[in-house]
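# Remarks on the overall topology
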Amino acid sequence: MLNIAICDDESAHCQRLKDQVAKLLSGRDRTFQISCYGNALQLLTSPLDQDLLFLDIRMPGLDGMSLAKRLRAKGFGGILVFVTVLTEYMADAFEVEAADYLCKPIDDARLERTLDRSLKRLEERPDPSLFIRTASWCRSVKLSQIYYCEVINRKIYLHTKEGVFDHYGRMKDLEQQLGGHFIKCHRSFLINPEHLSSYAGGQVTLTDGSKVPVSRKYHQMLMDQMLRYMDGRDAL
């Protein structure tokens, strides 16, 4: 699923761009979710797992260019696109490896070209993997192949399309290795949002039919992620 975010302090502009992007992506053979953030702080405290990020430059407090530098310093590897009425920052955009620089009001044809280039870059990006090792073997598992991760005592079980792989480890270390790509729904479970199917009765159902429990502590976080996912899927 393509994870897109828009950061703009003017909610009307943010919604307009969200509608434009959703319309242009409709009919393409992929799901997506689009989240809006009203300021830099909201974005900085998010999981920072976005594939494509549209940033307004002129924002109160931390402006978009400074925000981009902070994001890159934190290891954000997604595609950055600046959206602004200003043109004098165009040269600075190269410093943070921005993919494009769109001037408001945004023309649909110009935006579509930007999306096409961004999607091509994302398709060429290697599928991230998780490297696991035991005393007798080691292997690399692509994150897209994992449905969910389960921790029992000191053992981690990866439920994948190829079967279940287990090794010794800690939940804290596993979360760090996954780099924000998975959602924690229980102290013992992490689920891959790419494989979310439904959520009801305190359980998540994944695309392979697996059911994973959701604790009360993580209910709202999961609901927010599910709503963003359904918004993107319904726009198709």
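These figures come from a predicted structure and were not determined experimentally. (Residues numbered from 1 in each chain as written. Predicted model: local features only at pLDDT ≥ 70, side-chain atom pairs only at ≥ 80, totals over all residues. Heavy atoms only, no water.)

With that out of the way, let us pick up helix α1 (residues 11-25). Spanning 15 residues, α1 covers 21 Å between terminal C-alpha atoms, matching the ideal 21 Å at 1.5 Å per step. All buried positions along α1 are accounted for by C14, L17, Q20, V21, A22, L24 and L25. Tucked into the core, α1 has its buried residues touching β1 (2-7), β2 (32-37), β3 (52-56), β4 (79-84) and α4 (108-124). (Helix = DSSP H or I, 4+ residues; strand = E, 2+ residues; numbered from the N terminus. Expected span 1.5 Å × (residues − 1). Buried < 20%, exposed > 50% of the residue type's maximum accessible area, 1.4 Å probe, protein only. Contact = heavy atoms within 4.5 Å.)

Spatial strand order, β10-β9-β8-β12-β11: 5 strands in an open sheet with antiparallel pairing. The open sheet is flanked by β10 (163-168) and β11 (183-186), the only strands paired with a single partner. Averaged over all pairs of adjacent strands, the angle between strand axes in this sheet comes to 20°, irrespective of strand direction. Two strands pair when backbone bridges link them, and strand β9 (residues 155-160) and β10 are joined in this way by 6 bridges, in the antiparallel orientation. The partner of K155 across the bridge, within β10, is Y168. Lying on the sheet, helix α5 (residues 171-178) is in contact with β8 (146-152), β9, β11 and β12 (189-191); it crosses β12 at an angle near 15°. (Pairing = 2+ DSSP bridges. Axes fitted to C-alpha atoms, helices over the stretch in contact; angles between N-to-C directions.)

What the rule picks out here adds up to 8 salt bridges. A salt bridge links K184 to E175; the nearest nitrogen and oxygen atoms lie 3.4 Å apart. Given a relative accessible area of 17%, K184 falls into the buried group. The partly exposed category is assigned to E175, whose relative accessible area is 31%. Each member of the salt-bridge network shares a partner with another, and the members are D8, D56 and K104. (Salt bridge = Lys/Arg side-chain N within 4 Å of Asp/Glu carboxyl O.)

On their own, these measurements won't tell you what the molecule is for.
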